[in-house]
Amino acid sequence: TLSPCRSTSVLISFSSADAIRYFEELGLETRTEPDGRVFTACGRSKAVADVIENELKRLGVSFFLNTEITGITRASSPAAFDITSGSASWQADKVILAAGGLAYPSAGGTDAGYRLAESLGHTVTEPSQSLVPLRAAGSFLKKTAGIRNECSLKLISNDHITGESAGELLFTDY
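Because the structure is predicted, anything quoted here is derived from the model rather than measured.

Right, let's talk about the overall build of the protein chain for a bit. Scanning the protein chain from terminus to terminus reveals four helices and seven strands. Relative to the globule expectation of 16 Å for 174 residues, the C-alpha radius of gyration of the protein chain, 21 Å, shows a markedly less compact shape. Referenced to the eigenvectors of the C-alpha coordinate spread, the extents of the protein chain come out at roughly 60 × 45 × 35 Å. Expressed as a percentage of the 174 residues in the protein chain, the buried residues total 13%. Residue pairs in contact within the protein chain that sit at least 24 positions apart in sequence constitute 24% of those at least 6 positions apart. When the accessible surface of the protein chain is totalled, it reaches about 13900 Å², and 55% of it is carbon and sulfur. Side-chain charges in the protein chain split into 16 positive and 20 negative, and the spacing between the mean points of these groups amounts to 4 Å.

Right, let's talk about the nonpolar core for a bit. With six residues, the main nonpolar core is built from Ile72, Phe81, Ile83, Ala92, Leu116 and Leu120. Apart from the residues within four sequence positions on either side, Leu116 is in contact with Ile69, Thr70, Gly71, Ile72 and Leu97.

Turning next to unusual backbone geometry. The phi torsion at Asn158 lies on the positive side, around 50°, for a residue other than glycine. With respect to the helices, strands and loops of the structure, Asn158 is situated in the loop between β6 (148-157) and β7 (160-170). Here Asp159, not a glycine, exhibits a phi torsion of approximately 65°, which is positive.

Moving on, we come to the sheet that holds strand β3 (residues 71-74). Read across the sheet, three strands follow the order β3-β4-β5 without closing on themselves; strand pairing throughout is antiparallel. Two strands bound the open sheet, and with one partner strand each, they are β3 and β5 (88-92). The sheet shows a mean angle of 20° between the axes of neighbouring strands, direction not considered. Taken together, the four bridges between β3 and strand β4 (residues 81-85) define a ladder with antiparallel strand orientation. Bridge pairing in β4 links Thr73 to Asp82.

With that settled, consider the pairing of β7. Sheet topology places β6 next to β7; ten bridges connect them, and they run antiparallel. Residue pairing across strands places Leu153 opposite Ser165, the latter belonging to β7. In this structure, the hairpin formed by β6 and β7 is closed by a connection of two residues, where Asn158 is found at a positive phi of approximately 50°.

A separate point is the environment of Leu26. Tracing the chain through its elements places Leu26 in the loop between α2 (16-25) and β1 (30-32). Of the residues examined, Leu26 reaches a relative accessible area of 23% and is grouped as partly exposed. Linking Leu26 and Val51, residues 25 residues apart in sequence, is a C-alpha distance of 6.3 Å. Setting aside anything within four residues of it in sequence, one finds Leu26 in contact with Val51 and Glu55.

A surface patch of nonpolar side chains, amounting to about 370 Å² of accessible area, comprises Leu59, Val61, Phe63 and Leu65. Tracing the sequence through the fold places Leu65 in the loop between α3 (46-58) and β3.

Cut-offs used in this document
Residues numbered from 1 in each chain as written. Predicted model: local features only at pLDDT ≥ 70, side-chain atom pairs only at ≥ 80, totals over all residues. Heavy atoms only, no water. Helix = DSSP H or I, 4+ residues; strand = E, 2+ residues; numbered from the N terminus. Rg over C-alpha atoms; globule rule 2.2 N^0.38 Å. Buried < 20%, exposed > 50% of the residue type's maximum accessible area, 1.4 Å probe, protein only. Contact = heavy atoms within 4.5 Å. Areas by Shrake-Rupley, 256 points an atom, 1.4 Å probe, with all protein chains shown as cover. Lys, Arg positive; Asp, Glu negative; His and termini not counted. Charge placed at Lys NZ, Arg CZ, Asp CG, Glu CD. Core = buried A, V, L, I, M, F, W, Y, C linked by side-chain atoms within 4.5 Å. Pairing = 2+ DSSP bridges. Axes fitted to C-alpha atoms, helices over the stretch in contact; angles between N-to-C directions. Patch = residues over 30% accessible without salt bridge, like charges linked within 9 Å, V, L, I, M, F, W, Y side chains within 5 Å. Salt bridge = Lys/Arg side-chain N within 4 Å of Asp/Glu carboxyl O.

These figures come from the coordinates and say nothing about function on their own.
Written as C-alpha cells, this is what we have:
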C-alpha cells in the first residue's frame with residue numbers, strides 16, 4: 001500500500017510526456033492542439049479506454065463489470081483483499097476501485113465507492129462539483145453537437161455576477 005506522500009511522488013514523477021509515450025506504445029495515436037492539450041487522433045475518448053482495457057487483458061487482469069461490490073477488507077491470507085458482492089466472494093492481490101461517484105445519479109452514480117474507500121482507511125473529502133452539463137431546450141442546439149469553442153461564462157443572480165469562468169465549451173447531444 002502506498003502512503004499518500006508516496007502516491008503523490010509517483011504521480012509527480014510520471015509526466016504528461018510519459019503518459020503520452022505510454023499510450024502511444026499501446027497503439028493510441030494522439031494529436032496535440034496549439035495550446036498544448038492532447039486528444040486522441042481519432043477524436044474518440046473511448047479509444048483511451050479501449051487501449052487500457054486491451055493492455056489489462058494482455059496482463060491477465062480480471063474484470064468484474066456491472067457488479068455491485070458490497071465489501072472490501074484486508075485479508076489475512078496470502079491474498080491482500082477479500083471482496084464480497086451479494087452472495088459471491090473472492091480474493092485479490094490488488095484492487096482498482098473505479099466506482100464513479102455522485103455526479104450523475106440518473107446513470108446509477110452512488111456514494112458506494114466513497115464508502116468502500118473509507119472502509120479501507122482512505123480519507124474521503126466532501127465532493128464538490130466540477131465540470132457539469134448545462135442542458136438547454138431547443139432543437140437548433142442538436143446541430144452544434146461536437147463543436148468546441150473557447151468562451152467565457154458568467155453566472156448572474158439578482159443582477160450580481162456570482163461566478164465566472166473561461167475555457168473550452170463543448171456542445172454535446174444527450
